[in-house]
Every structure is written in structure tokens, then in C-alpha cells.
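# Topology and contacts: notes
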Amino acid sequence: MRNMVRPLSQLVTLRSIEGQVWWCWVWGGPEREGLEFEPIVPMEKIGEVAHRLRNVVSLADV
């Protein structure tokens, strides 16, 4: 089953929001005009953003 599934990925970036640096999801695609940035957590919460990213791109055991 794993050989039939494309590798999953999700771009995140750092952005300044109201004077504070945040990790943000980067969303884009043919349905969107340009890129959209969704704040996740402040920059210093690297463990939290790593946990959330892993949850988004991981596959449930099959």
C-alpha cells in the first residue's frame, strides 16, 4: 500500500505577525489566488509545530 501513495509534504514558514514571529502553514493551489499563510504557533514553540506537521503528513497504519 505504501508504494502506491505519493510522499506527503506540507510547507511551513516563519512570518512576522503583529511584531511577533510565527510558524505558519503555507497553502496554495489552483483554486487559490497566490499563497495563503495560516498561523500555527509562535516561533519559540518548535516542538509544537513539529508535532502538528508530523500529524498532517503522517499516514495511519494500514
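All figures in this text were calculated on a predicted structure; none of them were measured in a lab. (Residues numbered from 1 in each chain as written. Predicted model: local features only at pLDDT ≥ 70, side-chain atom pairs only at ≥ 80, totals over all residues. Heavy atoms only, no water.)

Glancing now at the overall build of the protein chain. Regarding its fold elements, the protein chain presents one helix and three strands. If you list the helices and strands of the protein chain from N to C, you get β-β-β-α. Counting the 62 residues in the protein chain, one finds 15% classified as buried. Total accessible area computed for the protein chain in this model is approximately 5,100 Å², and 54% of it derives from carbon and sulfur atoms. (Helix = DSSP H or I, 4+ residues; strand = E, 2+ residues; numbered from the N terminus. Buried < 20%, exposed > 50% of the residue type's maximum accessible area, 1.4 Å probe, protein only. Areas by Shrake-Rupley, 256 points an atom, 1.4 Å probe, with all protein chains shown as cover.)

The next point concerns unusual backbone geometry. Located in the positive-phi region is glutamate 18, a residue other than glycine, with phi close to 50°. Inspection of the secondary structure puts glutamate 18 in the loop between β1 (12-17) and β2 (20-27).

This next bit is on the sheet that holds β1. With antiparallel pairing, three strands are arranged side by side in an open sheet as β1-β2-β3. Only two strands of the sheet have a single partner each, and these edge strands are β1 and β3 (36-42). With strand direction ignored, the average angle separating the axes of adjacent strands in the sheet is 45°. Where β2 and β3 come together, six bridges link them in antiparallel fashion. The residue bridging cysteine 24 from the neighbouring strand is proline 39, located in β3. (Pairing = 2+ DSSP bridges. Axes fitted to C-alpha atoms, helices over the stretch in contact; angles between N-to-C directions.)

Next up on the list: the environment of glutamate 38. With respect to the helices, strands and loops of the structure, glutamate 38 is situated in strand β3. Taking relative accessible area as the criterion, glutamate 38 reaches 38% and is therefore assigned partly exposed. Sequence spacing of glutamate 38 and tryptophan 22 is 16 residues, and the spatial spacing of their C-alpha atoms is 9.5 Å. Residue contacts for glutamate 38: discarding those within four places in its chain leaves Trp23, Cys24, Trp25 and Trp27. (Contact = heavy atoms within 4.5 Å.)

Bringing the pairing of β2 into the picture now. Here β1 runs beside β2; their pairing, made up of six bridges, is antiparallel. In the strand pairing of β2, threonine 13 is matched with cysteine 24. Taking the residues between adjacent antiparallel strands as the criterion, β1 and β2 are bridged by two residues, where glutamate 18 takes a positive phi near 50°.

Next up on the list: the pattern of salt bridges. One pass over the full model with this rule turns up one salt bridge. The residue glutamate 48 makes a salt bridge to arginine 52 at a minimum N-O spacing of 2.7 Å. Separated by four residues within a single helix, glutamate 48 and arginine 52 lie in helix α1 (residues 46-57), roughly one turn from each other. By relative accessible area, which is 31% here, glutamate 48 ends up partly exposed. For arginine 52, a relative accessible area of 34% gives the class partly exposed. (Salt bridge = Lys/Arg side-chain N within 4 Å of Asp/Glu carboxyl O.)

Function cannot be read off these values alone, since they describe shape.
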